[in-house]
Amino acid sequence: MGRSPKSSPKASPKTSPKKVKKSEVEEEKRDVNSLKSPKSPKSPKSAKKDTKESAAYKSIAVCLSSGHKLHPTLVAGVFSKSASPISAGSKLYAPCGPFVQVYSVKSHRVLATLGPHEGQVTALSAGSKQPDGPYPIATGSSSGELCIWDGKGGNCSQPSTRMNLGNEVLSLHWPRANQIIVMLGEKGGEAWLEQITVSSLESISRGSTLPLRAEKAGRCDVDDDIVALIDGKELCVWKEGWSAPRRYSHASKAFSVAIDPYRRYVAVGDQLGVVWFWWGALDDVQDTLVPARWHWHAGPVRALTHSGPLLLSAGDEGVLCVRNAEDETTKYIPRFRTSFRHLTVSQDGQICCGCKDSSIALIDSLHGVERPRYVPSIDHALSEPMAREGKKRRLGRQERGTWKRAKVQPTLPFLHSLTGGSVVATAGRRVTFLHRTEEPQPSETLRLKRGGHASSDPEQCWVLQQLVVSSGGSCIMTCETRILPSLENFDPGFAFSCVLKWWRRDSLGEYVLDSVSNNPHMDDVTVAFGSPEDETVFFTASRDKGFKIWDYLDSPYAPAVRKGEEVERKRCWQFIAAGKWRSTIVSGCFSADASVVATGVVGSIILWKAQEGVAVDQLSLEKADTPKQMCSVVTSAFLLIAYVQGAKKDEIICWNLFTLQMVTKLDLRAALPGKGEFQMRYSIQLPFQILAFRRGEAVFTTWSLTQDEPKLMANGVESPKKKRKLEKAKKDLCPSLTFVEQASMTLPAGQGIEDLAFHKKESSKDEDEYSVMESLMCWTSAGLLWNINLSDAKLQEEQPEEEPLEEKAGSALSNLTGGRMAVSKLETSAKYPLRTTAAQQAGLVPRLLKRILPPGVPSHMLPPPAALWKEFTSTYAKAPDAAAAPFQAETLKKRSKAATKASNLAGSDLRRPLPSIPDELVDQDWMDALVEAM
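Residues numbered from 1 in each chain as written. Predicted model: local features only at pLDDT ≥ 70, side-chain atom pairs only at ≥ 80, totals over all residues. Heavy atoms only, no water.

Participant: Summarise the nonpolar core; cite the residues concerned and give the values.
Facilitator: Most often, soluble globular proteins have nonpolar side chains that are buried together. Core analysis: the biggest nonpolar cluster contains 33 residues, and Leu-193, Val-227, Leu-235 and Trp-278 have the highest contact counts within it. For this core, the element with the highest residue contribution is strand β17 (residues 226–231), accounting for five residues. The next biggest cluster of nonpolar side chains, apart from the first, holds 22 residues, and it includes Leu-74, Ala-698, Leu-756 and Ile-788. (Core = buried A, V, L, I, M, F, W, Y, C linked by side-chain atoms within 4.5 Å. Buried < 20%, exposed > 50% of the residue type's maximum accessible area, 1.4 Å probe, protein only. Helix = DSSP H or I, 4+ residues; strand = E, 2+ residues; numbered from the N terminus.)

Participant: Which residues make up empty space enclosed by the protein, and what values do they have?
Facilitator: Enumeration according to the criterion identifies nine cavities of 30 Å³ or more in this entry. Of the voids in this model, the largest cavity is the one considered here, and its volume is about 170 Å³. Phe-79, Cys-355, Lys-356, Asp-357 and Ser-358 are the residues nearest the centre of the largest cavity, which is lined by 21 residues in total. Elements with a contribution of two residues or more to the lining of the largest cavity: β28 (340–345), β29 (351–355) and β30 (359–363). (1 Å grid on protein atoms, 1.4 Å probe; cavity = no way out; pocket = protein on both sides within 12 Å on 5 of 7 lines; lining within 4 Å. Points joined across faces, edges and corners; volume = space filled by probe spheres on them.)

Participant: I'd like a rundown of the pattern of salt bridges, residues and numbers included.
Facilitator: In a structure, side chains of opposite charge can pair up when their charged atoms sit close to one another. Counted by the stated rule, this structure contains 27 salt bridges. Note that Asp-225 is salt-bridged to Arg-263, the shortest N-O span being 2.8 Å. You can see Asp-225 sitting in the loop between β16 (217–223) and β17 and its partner Arg-263 sitting in the loop between β20 (254–259) and β21 (265–270), a full 38 residues away along the chain. As a salt-bridge pair, Asp-625 and Lys-649 come within 3.1 Å of each other at their nearest N and O atoms. (Salt bridge = Lys/Arg side-chain N within 4 Å of Asp/Glu carboxyl O.)

Participant: How would you explain the sheet that holds β29 if you had to name every residue and give the values?
Facilitator: Strand order in this open sheet of four strands is β28-β29-β30-β31, and the pairing throughout is antiparallel. Looking at strand neighbours, the two that pair on one side only are β28 and β31 (373–376), the edges of this open sheet. Strand after strand, the sheet turns through a mean of 20 degrees between neighbouring axes, direction not considered. Alignment of β30 against β31, held across four bridges, turns out to be antiparallel. Note that in β31 the partner of Ala-361 across the bridge is Tyr-374. (Pairing = 2+ DSSP bridges. Axes fitted to C-alpha atoms, helices over the stretch in contact; angles between N-to-C directions.)

Participant: Talk me through the packing of aromatic side chains; I want residue IDs and the actual numbers.
Facilitator: Under the definition given, this model contains 21 aromatic pairs. With a centroid separation of 5.7 Å and an interplanar angle of 70 degrees, the aromatic rings of Phe-99 and Trp-786 are classed as edge-to-face. Note that Phe-99 is positioned in strand β6 (residues 99–104) and Trp-786 in strand β62 (residues 784–789), a separation of 687 residues in sequence. The pair Phe-99 / Trp-786 is uniform in exposure class, with both members buried. Members of the aromatic cluster, connected to one another through ring pairs, are Trp-502, Phe-538, Trp-550, Tyr-552, Trp-573 and Phe-575. (Phe/Tyr/Trp six-rings, centres within 6.5 Å; stacked < 30°, edge-to-face > 60°.)

Participant: Go over unusual backbone geometry with me, naming the residues and quoting the values.
Facilitator: Note the cis peptide between Gly-115 and Pro-116, where omega equals 15 degrees. Summarising the element assignment, Pro-116 is placed in the loop between β7 (110–114) and β8 (121–126). Not every positive phi belongs to a glycine, and Glu-328 is a case in point at roughly 55 degrees. Looking at the secondary structure, you find Glu-328 in the loop between β26 (320–324) and β27 (329–333). Phi angles above zero are rare outside glycine, and Ala-594 is one such case at about 65 degrees. Turning to its location among the elements, Ala-594 is positioned in the loop between β48 (587–590) and β49 (596–601). Look at Ala-594 and you get buried, because its relative accessible area is 16%.

Functional significance is not addressed by these values, which are geometric in nature.
Structure follows, in structure tokens:
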């Protein structure tokens, strides 16, 4: 057994680490305010560096087809797995692609973003606390870039100093105030360590190379003048004053290493879950050592670190082990949500755990019962055990009639647009809401407790196959499947299992599991979507050629519960209609008013009644055409838009649901050349827009549907026959529509598009009125979520100069209109605000009529006409600005008196300046009605 723990040298009180008190709320507020404080002036040399750094920062831009550039804003992203998050004071630093996001330890709010770096951030380290400020931070990237940040965050895009080391930075350690230890090389390959001398935060220089090299480099740990490095199955230890490093071998591959701060031993965790204690490895006298052995973990020991005299170890079990190597006692902190990847301990004793599902768990103390606090990042499908490895399987019959496993990778949408303009990001574990703000941030993250994932066999756990978010975000439906290997060997027909789950937000705002349906379909669910009108209505279809429509209704078998005079029953999701078709349904959607369901099969689109599940009509396609995605909107008519994939074509086709005629179509192959899979997205709110992109590529394009005016005039003369055709075309239920390209954008090099969603910004307190300025949420292949402001693109477009309005002869009406004549929308080039609302554009739709006429109420029980008129005006009328209403009333009163006086004074100047009100575009009929009223 080697040297026992009792014979090991004890740590003296002088060398024991001091405990630092926890930061108070005032300190956190001071840190938040320091992020907004400007930095001190720099020297001319650093000013030259800032010019290059700002150029590097501006290189992350989205290029428009017009040549202009947009600079997107980083909203969130997946935490990097290669670098460990660190905690310093009241701030938490998490690597996220080429950025480092700074969180508040107490509120978990994003305070700032450091970067971007030239490559992916691969290492983080915190230095000693400055006398007049927070902890400085050192970051390293895959391009060999080393950056020093002062921690105040005055200019988060530019560090205090920067150095390029020429090789990838694998790890960073800041053991002394004037020294940084950097490991350079290739992960899993050759690597070495170098010293960086820190004269000040603005001045660093490259030092000597340490006599430590590894052929199969792994984890590294540094404590003052001691360095420990993993090299395959060997442990390399070096101490200042030694002429050469010492090497200790293990039987299996080593994963993690930690140096005891009291210099008693070096701990190594291997692939088999064994922790080895090399007692006496740091003694100056070299001797033959036999390590002590402690085995608890069932899998690899992913991380090791020390918190004072205690050793912390973590693996794939989701349990944090606290080991006292001196008396050989162990404390366990169980029930973490997922397995571990990193462990770090801050200088004030806070434990930071990097988890596998891209979240961070914080533990303030190891004494007593401690529950970790989680800082989640954006959820992504890579956290799924089998989707990440491409092992998603289903049962499929082969030509010989035998059952065989087939690999299927479902391409689920990651971003979901809601009716209010918000966006939801989820991949099945967490739901993150991105609300309508000028600078959208993850406002709240809710967890779906699906189960069946933590520390389980990836071949037997439930795999997410479908996920649907309701139009308002209050309900979520998931479909999960699995194949049991044991049953598959004996009876493959019973090995497949499917379960539908519905979550509903409770009064506290959390998602709770409400209903579960086991094996609702006999094969994989291929299509799932929700109703745009009802939050609780969902549709599912399977490979067994059947479909079901689900709703949240009273359970007929639940006991009745009396609450006062009312009798209530427990409600659950149950199917209200079911049907079957001759072939498998591959896509679908509800109509805009939720009365019809459109389902796509190979060669046609079938229209069903949503309440009965009865087929009512069919839209024919070519024999080999497959409708991959569909949506329904209301613009000038009820439209059905589908992305159709054929043998040699990819098109977006638009139909009119009243006449069942094709209105227009768009060739995607000509608009977006490439090799990736086409994806189509659309905006729920008006004005209607549609976008398309190829998954994994960097280009996307947006279009709008515009109505064409029929041109029936020849040489300025309009014949009676053409006039009748023009009147007929205006009254036709099938207007002529065309896809008009709005913008085409290209992401920076190395950024592929995984998903896109329209995001509306709220510009008014009225819930039915939204700003025309829009933005896009873009999820990239690098695991970053960007906000692309489309209003910036409109501002950069060249605006034509407006011609001045001609002043016409005054009249009594000119005083009322501010000296300008009433003009129609087509006769003016000035861009006034349009007198309309989103409700007026939507028209008489059921979701708006419900506010005016309660559904299901008999006519003799309706509210009085005055109440109905009040509800009608509150829904469809445009409310005046509360601040300008008194001023407008007074101005109209003055203008009315002036017009009356002018009618009695012939030849007087009727164009005297009067107090003006904001100009607003109105039609001529409205102005004529006003004149008649006078």
